[in-house]
Amino acid sequence: MVNVMVARIAVNGFGTIGKRVARAVRLQDDMEIVGVTKTRPTYEARLANREGFPLYVADSAKISEFREQGIQVEGSLSDLLTKVDLVVDCTPEGRGAENKKLYEEAGVKAIFQGGEEHEVSNLSFNAFASYDQAYGRKFARVVSCNTTGLIRTLYPLDRMFRIEEVFAAIIRRGADPAESKGSALNAVEPSLHVPTHHGLDVRTVMPGLKISTMAAKVPTTNMHVHCIYARLKKQGVTTSDVLSLWDQMPRIKFVSGKHGIRTSGQIMEIARDLGRHGGDFAETIVWEDGTHVDGSTLYYYQAVHQESDVIPENIDCIRSMMEIEKDASKSIRKTDRSLGLV
Ligand code: NAD
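This text gives an overview of the structure that appears in the document. These figures come from a predicted structure and were not determined experimentally.

### Remarks on the pairing of strand β5 (residues 86–89)
Move 1: Going residue by residue along β5, you find L86 and V88 tucked away on one face and V87 and D89 tucked away on the opposite face as well.
Move 2: Pairing of strand β1 (residues 7–12) with β5 involves four bridges; the strand directions are parallel. Opposite A10, over in β5, you have V87 as the bridge partner.
Move 3: Pairing of β5 with strand β6 (residues 109–112), which is carried by three bridges, proceeds in the parallel orientation. Looking at the pairing, L86 lines up with K109 of β6.

In structure tokens:
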């Protein structure tokens, strides 16, 4: 058992996901941010200074470059790794697997993100489904934004009504708002490698689930939208049974076309209206009036805010790996309260 009152955390890669993880850790009373890293002296390095996150440079040879630009730096990634219990690797896709040996050498635990393969840690994490398996582990991977969104609605459905088979069509945002690739496309780009990897990724967390997926990228930065068809084994399930089940779950919220919410852009506007930090919406958003059971087949639409839905999962994953809280539901409640997901 790791005996820590407050887990000491590093975030390697203070980008889209990393800065959100760092801010979320800062809101917890059982973990603290010891430092974050950047590779280049960009705007986000200055932001780390401005927000008071101790900044470390991934490559020690570049420290002087940061200092010459007036950016305060505490040391290198290797220095940071000597001061922490766990590092949340938020570096770009594929980089985490390369970093793993650094973490092993430093003897620190690590959480990887969905851009890495399942094999990087052999434990793919979602707080509903794999909290217990992550307890005390050295390495885990928080699954991607799409996979997180799919598991949030499918996991309770499977527990309660048993799923025979699922098909999901994933309409993917072309890029994150701060990126320029993809979003400039005036086109729809189907993923030609079918079925897509998303279904396989869901199975890293729900191994028995018969799921297949297809995907297409569209020119928007506002969320992913999933069109889901699920055949249920349990007979006689109604639309209202499904909605009541999801209504009891944390991290699932409803919107309704009847109330004028018909697009992902409008959901992002709600997040801003609610005063959510950065306009983030970390819950999975289901269209209540786009959910329908016909015989044993359930149809529904949901939207996923790609930049934020994995953030609460990272916090729960830390709590489980650091053996701070044994009970998944207590951790989820604590995380959600701290992040204002109520
Ligand atoms: P990003 O490009 O926004 O941020 C990556 C950060 O890592 C940047 O600050 C960059 O400077 C830094 N970096 C680059 N190389 C580095 C290195 N060698 N060492 C240390 N830092 C380095 O990327 P992101 O969107 O935050 O993605 C990070 C991970 O999260 C990826 O695995 C991605 O697949 C996953 N993810 C992304 C999203 C999303 O929509 N953006 C959603 C869920 C999961």
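What follows continues from the structure just given.
### Focus: the nonpolar core
Considering soluble globular proteins, one finds that nonpolar side chains tend to be buried as a cluster.
Move 1: Counting 79 residues, the largest nonpolar core has L154 and L157 as its most contacted members.
Move 2: Both domains that meet at this core, namely domain 1 (7–143 + 310–339) and domain 2 (146–304), each give it at least three residues.
Move 3: Excluding its chain neighbours within four sequence positions, the residues that come into contact with L154 are I163, V166, M206, L209, I211 and Y300.
Move 4: If you look at the next biggest cluster of nonpolar residues, it comprises 14 residues, including A10, L77, V84 and V108.

### Section: the packing of helix α1 (residues 16–26) against helix α11 (residues 311–321)
Move 1: Their axes nearest at 9 Å, the elements α1 and α11 cross at an angle of 55 degrees. In this view, α1 runs oblique relative to α11, as classed from their interaxial angle. Between α1 and α11 the crossing geometry is right-handed. For the pair formed by α1 and α11, the contact residues are I17, R20, V21, A24 and V25 on the first element and I311, N314, I315 and I318 on the second.
Move 2: Here the residues of the contact of α1 with α11 are counted per class, giving seven nonpolar, one polar and one charged.

The rules behind each value
Residues numbered from 1 in each chain as written. Predicted model: local features only at pLDDT ≥ 70, side-chain atom pairs only at ≥ 80, totals over all residues. Heavy atoms only, no water. Buried < 20%, exposed > 50% of the residue type's maximum accessible area, 1.4 Å probe, protein only. Helix = DSSP H or I, 4+ residues; strand = E, 2+ residues; numbered from the N terminus. Pairing = 2+ DSSP bridges. Core = buried A, V, L, I, M, F, W, Y, C linked by side-chain atoms within 4.5 Å. Domains from an automatic or database assignment. Contact = heavy atoms within 4.5 Å. Axes fitted to C-alpha atoms, helices over the stretch in contact; angles between N-to-C directions. Parallel < 35°, antiparallel > 145°, perpendicular 65-115°, else oblique. Left-handed = near helix turned anticlockwise from the far one by under 90°. Nonpolar A, V, L, I, M, F, W, Y, C, P; charged D, E, K, R; others polar.

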